Amino acid sequence: MAGQGGGYTLGVDLGTSNTVAVLRWPDGRTRPLLFDGQPIMPSGVFLDSAGRLHVGRDAQRLAQAEPARYEPNPKRRIDEPGVLLGDREVPTVDLLATVLRAVAQAAVEAVGFLPPAAVTYPASWGARRRGVLATAVARAGWPPVAPAAGYESAATHGGPTVGTRMVPEPVAAARYFSEVLRRPVPVGSAIVVFDFGGGTLDIAVVRNEGIDQTGRARFTVVGSGGVAELGGLDLDAAIVDHLGQLLGSTDASAWQQLSQPTTVGQWRNRRQFWNDVRGAKEMLSRAAIAPVPVPDVEQAVHLTREELERQAEPLLRRGVIETARVISNCRLTPDQLSGLFLVGGSSRVPLVARLLHAELGIAPTVLEQPELPVAEGALADLAAPSAPAAGAQVYPITTTVAGPVGTAPLAGTAPLAGVTAEAAPAERPAPVMTDPTRPGPAAPPPSGAAGHPGGPPVSPAPYVGAPGLPPGQRGPGGVASYPIPPAAPPGRRKHRAAIIGVGAAVAVTAVIAAAVLLFTGRGYSDLDFQPFTDVGRIRAVEEMPQYVFTAFVDDRAYLAYQREDERLQVISVEAGTAKKRWEKQTSATSSQWRRLVALPDAFVAFGDAPDSSERMVVLDPANGAQRWSETLSDKDQIYFFEDVLVQVDTKGNRLIGRGLLDGKQRWSLPNLADADGNSGSAIHPATTVDDMGGPARVAGTMLVPNLVDRRIVEIGADRSARVIDAASGKVLKHRTNVAAPDDLAMVYEGRLYIAGAERGYRLVAYDLKSMGEPTHLYTAPDDKLRARELRPCGEERVCLLEASGFDGKATRLVAVDAVKGSAIWRKSAPDAVIIVPVGEHVLVRSESGEYAFTIFRPDGSRLLQQEGVAARLDGGNLLLFTERLSTYTASPSAAGVGVKSGKPVQLGPLKGVRPATCSWGTTLIVCATDEDFVIQRFAKD
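Here the structure is a predicted model, which is why all the values come from computation and not from measurement. (Residues numbered from 1 in each chain as written. Predicted model: local features only at pLDDT ≥ 70, side-chain atom pairs only at ≥ 80, totals over all residues. Heavy atoms only, no water.)

A. Summary view of the overall build of the protein. Across its full length, the protein holds twelve helices and 54 strands. Within the protein, the proportion of its 941 residues that are buried is 61%. Across the protein, the fraction of contacts at a sequence separation of at least 24, relative to all contacts at a separation of at least 6, is 59%. When the accessible surface of the protein is totalled, it reaches about 33,200 Å², and 50% of it is carbon and sulfur. (Helix = DSSP H or I, 4+ residues; strand = E, 2+ residues; numbered from the N terminus. Buried < 20%, exposed > 50% of the residue type's maximum accessible area, 1.4 Å probe, protein only. Contact = heavy atoms within 4.5 Å. Areas by Shrake-Rupley, 256 points an atom, 1.4 Å probe, with all protein chains shown as cover.)

B. Broad picture of the pairing of strand 25 (residues 602-609). For strand 25, the buried fraction is high: eight of the eight residues fall into the buried class. Two elements, strand 24 (residues 593-599) and strand 25, share six bridges in a ladder whose sense is antiparallel. In the strand pairing of strand 25, Leu 599 is matched with Ala 602. The hairpin formed by strand 24 and strand 25 contains two residues between the paired strands. (Pairing = 2+ DSSP bridges.)

C. Inspection of the confidence of the model for the protein at higher detail. With 80% of its residues at a pLDDT of at least 70, the protein reaches an overall mean of 78. Across residues 148-161 the pLDDT falls below 50, and counting only partners more than four positions away or on other chains, this stretch makes 37 contacts in the model. This stretch, residues 385-521, has a pLDDT under 50; its non-local contacts, to residues over four places away or in other chains, come to 475 contacts. (pLDDT = per-residue confidence, 0-100.)

D. Representation of the packing of aromatic side chains within the structure. What the rule picks out here adds up to eleven aromatic pairs. Each ring, one from Tyr 558 and one from Phe 603, has its centre 4.6 Å from the other, and the planes form 35°; the classification is tilted. Here Tyr 558, found in strand 21 (residues 556-562), pairs with Phe 603, found in strand 25; they are 45 residues apart in sequence, far enough to count as distant. Taken individually, Tyr 558 and Phe 603 each receive the classification buried, so the pair is uniform in this respect. An angle of 45° between the planes, with centres 5.8 Å apart, marks the rings of Phe 881 and Trp 920 as tilted. Of this pair, Phe 881 sits in strand 49 (residues 877-881) while Trp 920 sits in strand 52 (residues 919-920); the two residues are 39 residues apart in sequence, bridging distant segments of the chain. Classification of Phe 881 as buried rests on a relative accessible area of 2%. Judged by its relative accessible area of 1%, Trp 920 is buried. (Phe/Tyr/Trp six-rings, centres within 6.5 Å; stacked < 30°, edge-to-face > 60°.)

E. Structural detail: the nonpolar core. In terms of nonpolar packing, the biggest core is built from 44 residues, with Leu 10, Leu 33, Leu 100, Val 103 and Trp 142 touching the most fellow members. The set of elements that each furnish at least two residues to this core consists of strand 1 (9-14), strand 2 (18-24), strand 5 (45-47), strand 6 (53-55), strand 8 (82-85), helix 2 (92-111), strand 10 (117-121) and helix 3 (127-139). Excluding residues within four positions of it along the chain, Val 103 makes contact with Leu 10, Val 12, Thr 19, Ala 21, Leu 33, Phe 35, Met 41 and Trp 142. With 32 residues, the next largest nonpolar core counts Leu 315, Leu 316, Leu 332 and Leu 337 among its residues. (Core = buried A, V, L, I, M, F, W, Y, C linked by side-chain atoms within 4.5 Å.)

F. Geometry of the pattern of salt bridges. Scanning all chains against the criterion turns up 39 salt bridges. Between Asp 58 and Arg 61 there is a salt bridge, and its shortest N-O distance comes to 2.4 Å. With a gap of three residues between them, Asp 58 and Arg 61 both fall in helix 1 (residues 57-63), about one helical turn apart. Overall, Asp 58 belongs to the partly exposed group, its relative accessible area being 31%. Note on Arg 61: relative accessible area 47%, which makes it partly exposed. A salt bridge links Arg 207 to Glu 209; the nearest nitrogen and oxygen atoms lie 3.0 Å apart. On the accessibility criterion, Arg 207 (2% relative accessible area) is buried. Members of the salt-bridge network, linked through shared partners, are Asp 79, Arg 128, Arg 129 and Glu 566. (Salt bridge = Lys/Arg side-chain N within 4 Å of Asp/Glu carboxyl O.)

G. Here's a closer look at unusual backbone geometry. With phi around 50°, Asn 737 is a residue other than glycine that occupies positive phi space. Note that Asn 737 resides in the loop between strand 35 (731-735) and strand 36 (744-748). Of note, the phi angle at Ser 822 is positive, near 75°, even though the residue is not glycine. Along the chain, Ser 822 falls in the loop between strand 42 (812-817) and strand 43 (823-828). Classification of Ser 822 as partly exposed rests on a relative accessible area of 44%.

H. Broad picture of the packing of helix 7 (residues 252-259) against helix 8 (residues 264-283). Remark: helix 7 packs on helix 8, axes separated minimally by 8 Å, with the N-to-C direction vectors making an angle of 95°. With respect to each other, helix 7 and helix 8 are oriented roughly perpendicular. For the pair helix 7 and helix 8, the contacting residues are Trp 255, Gln 257, Leu 258 and Ser 259 in the first and Gln 266, Asn 269, Arg 270 and Phe 273 in the second. Looking at the contact of helix 7 with helix 8, its residues break down into three nonpolar, four polar and one charged. (Axes fitted to C-alpha atoms, helices over the stretch in contact; angles between N-to-C directions. Parallel < 35°, antiparallel > 145°, perpendicular 65-115°, else oblique. Nonpolar A, V, L, I, M, F, W, Y, C, P; charged D, E, K, R; others polar.)

I. Seen up close, the packing of helix 2 against helix 3. Packing of helix 2 against helix 3 leaves a shortest axis separation of 8 Å and a crossing angle of 50°. Regarding the angle of helix 2 to helix 3, the classification is oblique. The element helix 2 and its partner helix 3 pack so that their crossing is right-handed. Residues Val 93, Asp 94, Leu 96, Ala 97, Leu 100 and Arg 101 of helix 2 form the contact with helix 3, whose participating residues are Val 132, Leu 133, Thr 135, Ala 136, Val 137 and Arg 139. In terms of residue class, the contact of helix 2 with helix 3 is built from eight nonpolar, one polar and three charged. (Left-handed = near helix turned anticlockwise from the far one by under 90°.)

J. Structural detail: the environment of Gly 808. On the secondary structure map, Gly 808 appears in the loop between strand 41 (797-804) and strand 42. For Gly 808, a relative accessible area of 14% corresponds to the buried category. Each C-alpha atom, one on Gly 808 and one on Pro 830, is 5.9 Å from the other, the two residues being 22 residues apart in sequence. With residues up to four places along the chain from it excluded, the contact list for Gly 808 reads Arg 788, Ala 829, Pro 830 and Asp 831.

K. A negative patch on the surface, seen in detail. A cluster of acidic residues, Asp 554, Asp 555, Glu 574 and Asp 601, forms a negative patch at the surface. In this fold, Asp 555 is placed in the loop between strand 20 (548-553) and strand 21. (Patch = residues over 30% accessible without salt bridge, like charges linked within 9 Å, V, L, I, M, F, W, Y side chains within 5 Å. Lys, Arg positive; Asp, Glu negative; His and termini not counted. Charge placed at Lys NZ, Arg CZ, Asp CG, Glu CD.)

L. Highlighting the sheet that holds strand 43. Spatially, four strands are ordered 40-41-42-43 in an open sheet, and the strand pairing comes out antiparallel. Each end of this open sheet is capped by a strand with a single partner; those strands are strand 40 (785-794) and strand 43. In this sheet, adjacent strand axes meet at a mean angle of 20° when their direction is disregarded. Of the strand pairs in this sheet, strand 40 and strand 41 are connected by eight bridges, and their pairing is antiparallel. Within strand 41, the position partnered with Gly 794 by the bridge is Arg 797.

M. Expanded view of the sheet that holds strand 19 (residues 529-538). Spatially, the four strands line up as an open sheet ordered 19-54-53-52, and their pairing is antiparallel. Across the chains shown, the open sheet's two edge strands, defined by having one partner strand only, are strand 19 and strand 52. Bridge count for strand 53 (residues 924-928) against strand 54 (residues 933-939) is five bridges, and the pairing is antiparallel. Across the sheet, Ala 928 pairs through a bridge with Phe 933, a residue of strand 54.

N. Highlighting the state of the cysteines. Within the structure shown, the criterion is met by two disulfides. Note that Cys 793 is cross-linked by a disulfide to Cys 799, the S-S spacing being 2.1 Å. On the sign convention where negative is left-handed, the bridge of Cys 793 and Cys 799, at about 80° about the S-S bond, is right-handed. On the basis of relative accessible area, Cys 799 is assigned to the buried category, the value being 0%. For Cys 918, the disulfide goes to Cys 927, at an S-S distance of 2.0 Å. Since a negative S-S torsion denotes a left-handed disulfide, the Cys 918-Cys 927 link at about 115° is right-handed. Bonded cysteines in the protein are paired 1-2, 3-4 when counted in the order they occur along the chain. (Disulfide = S-S within 2.5 Å.)

O. Just helix 8, in detail. With 20 residues, helix 8 ought to run about 28 Å at 1.5 Å a step, and its terminal C-alpha atoms sit 29 Å apart, in line with that. All buried positions along helix 8 are accounted for by Gln 266, Phe 273, Val 277, Ala 280 and Lys 281. Axial view of helix 8: buried residues confined to an arc of 100°, hence all on one face. (Expected span 1.5 Å × (residues − 1). Arc of directions from axis to C-beta.)

P. Main features of helix 2. Here helix 2 contains 20 residues, and its C-alpha end-to-end distance of 29 Å stays within 8% of the 28 Å for a straight helix at 1.5 Å per residue. Within two residues after helix 2, Gly 112 carries a phi angle of roughly 95°, on the positive side.

Here is the structure:
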């Protein structure tokens, strides 16, 4: 039974591979529940021939004989209605209910009843997935999910917990970080939760939104991501493959039986071998070498920490890159965060913290038992312990499973006795959990520092790369869609985890989001700026949803939001009059829509799809009709052209050309591969001066593409480069020994520019028509210097940001003559990470502490330098914001400035908008508010 529990409360982390539950006693102590004597229960479920469901270690043992009847990761099957176990299909919700029922049974055994509970779920789950979990809670016999579950804490309501609560996992972790570890997270500041479990990696940015009515911090997830197919199991698989190569040369027969078992005994040996590999991996977090017994082999093999890290590093770097992407999507830099908290059992691998620290510049916090913080942090969402009121409601726990499994009770349990809260046996203490890693209260920031009550607030801001990450390619982007812009960290092209493209709404890596767009200043004059005036307002629904987006192209504005049924509602309006052209819903659904691409001849939306894939939906801009849709790998890339798109198909290791409005394949080419079969390539679309003739985001990405050069350049793993016609797929030129995919590169005005990734780099250029010998343009004057950014910055000029090591203060902006070669000038640009051309002028933006930008004249002298962020309107004008474009409601002040005069004209505040949702043209801006969308004019046509 469950009621108001005599002051007991229960926090449950229902994990992909393992489940953990923490019990809070009336005196405030917290202790983990034990399952078969262990604080961690495997989440796997086994269906026996009698229709009985078994969970945890019992399920694992039974699966050794009949593996087809076992589902090791039911949470991963959340999008499937059922799972085939043996000869029966079991509803996925029943598998989850079985796990929760086992937790309830353990709680009853510990204290005599089921206390009020909070169950966690991934931040990326939409309403449908949360609904499946809520149904599982009810089927497990728990009190029904509280109405506000998943959105507000019990403390917000100021009353007792009613029903089971559902809490986002990163919010629970953030509460543990701030309330248990006592690490300061000032109001407006955020932490990153890196949840690395056995089956998945989930990453979230969680911000302190202020104090609720009970005086406690209110945490909100402002951005999330992850790698669904990356977890501890993947590290195990890499180690097994490594050991298999060793065994294959010394005992091929033994390895054959382990890798391809055919008998029950061989399957049992295989499972034992994997268990021993997992144990060795965990031992190597404490030791330098660990033995791995091999079934039917006399001598154990030995695994060293160096071998483990060599196998794990390529996998873990994907997690590092995704972490930086999530941070950048939230408009934050690592130095603005209050912490990086590692949770989940796989995060105890020492290399995880080392890579994150080295490449993001943040010292992570990781505990000796990283499996526990999420479950214990969930307790904070429940009302504080108190004695039960007389007649407190008691919830019965049933032990039946609905669906084709029948009504068999959970194997190994008895029906839960009707024990009331008053009968809870005090003599049944749960095991004491001590955590020697918990520090005392941390010192607050110094007075006047960011995040201190007396200093400036720490608020979200654009971010284009984490200190220490290797430079990557930066390709021009397109119409950015918000509130979660798709920027991502620098890194190898082959590790990009999202879709990018010339004229696309997004760019995957932060460096791509930092793409610099060139305007030559031909005929651009200062705009006639004027204070903001409303053009019109468009109400979408009674209450604006969390996920809203805007986009601008030509004379049209697009407004979009995610519906309750997970479809995307899209509204097209005439920007100059705010008159609605059409309003349609996509037929496709997504648990979370992410971004928009507004093109002159197509409207494209991207959202999450099951199994870590991405859904792309193309609408007709004339009437909103859905033309076609496609499911893509999360690593695929998309490059948009006038009437064709190019897809980098990572699973098929090929490039595909498709019709923009019909999706039909026009051509296909296999990727360039090296002698070892590696096929990771870097793609660089050709750009021209005309391509860059419109507004851009504060990150430099184009808002309105005008593509005239349809060539793309692929740089392959074999260091060769080929020039391809995007319309036909014809290979126009091919040259060997050009560059590595990791080198900085761009294609501009008919030339391929390459800046090597090594220290003391060289800048060279190849003519696309001949791909003959390169022209040498510039050599770094110091062999310690590296290039961090390469962009065009004039009709016959290119610019680089170069620095030595990770000292951002020493960064310099270098302008190079693209015709004659040699540096025109080199200027100090401390902490600069983005180059944005504005005609022949150059804007660079720094992201250290408070954002600032500097505009350089063509001769290298400074025209304007101030705090804030700036976005290009055309080749001669900028829109300036005094603060970062955050995802929460604010009223940022703005100004317009023409580079000829260099004098800002105040436009006033954008009142009550969600700044990160704003899109603009040359004279108009559209933003979402908490109630509607608003279009405002800031300059005369």
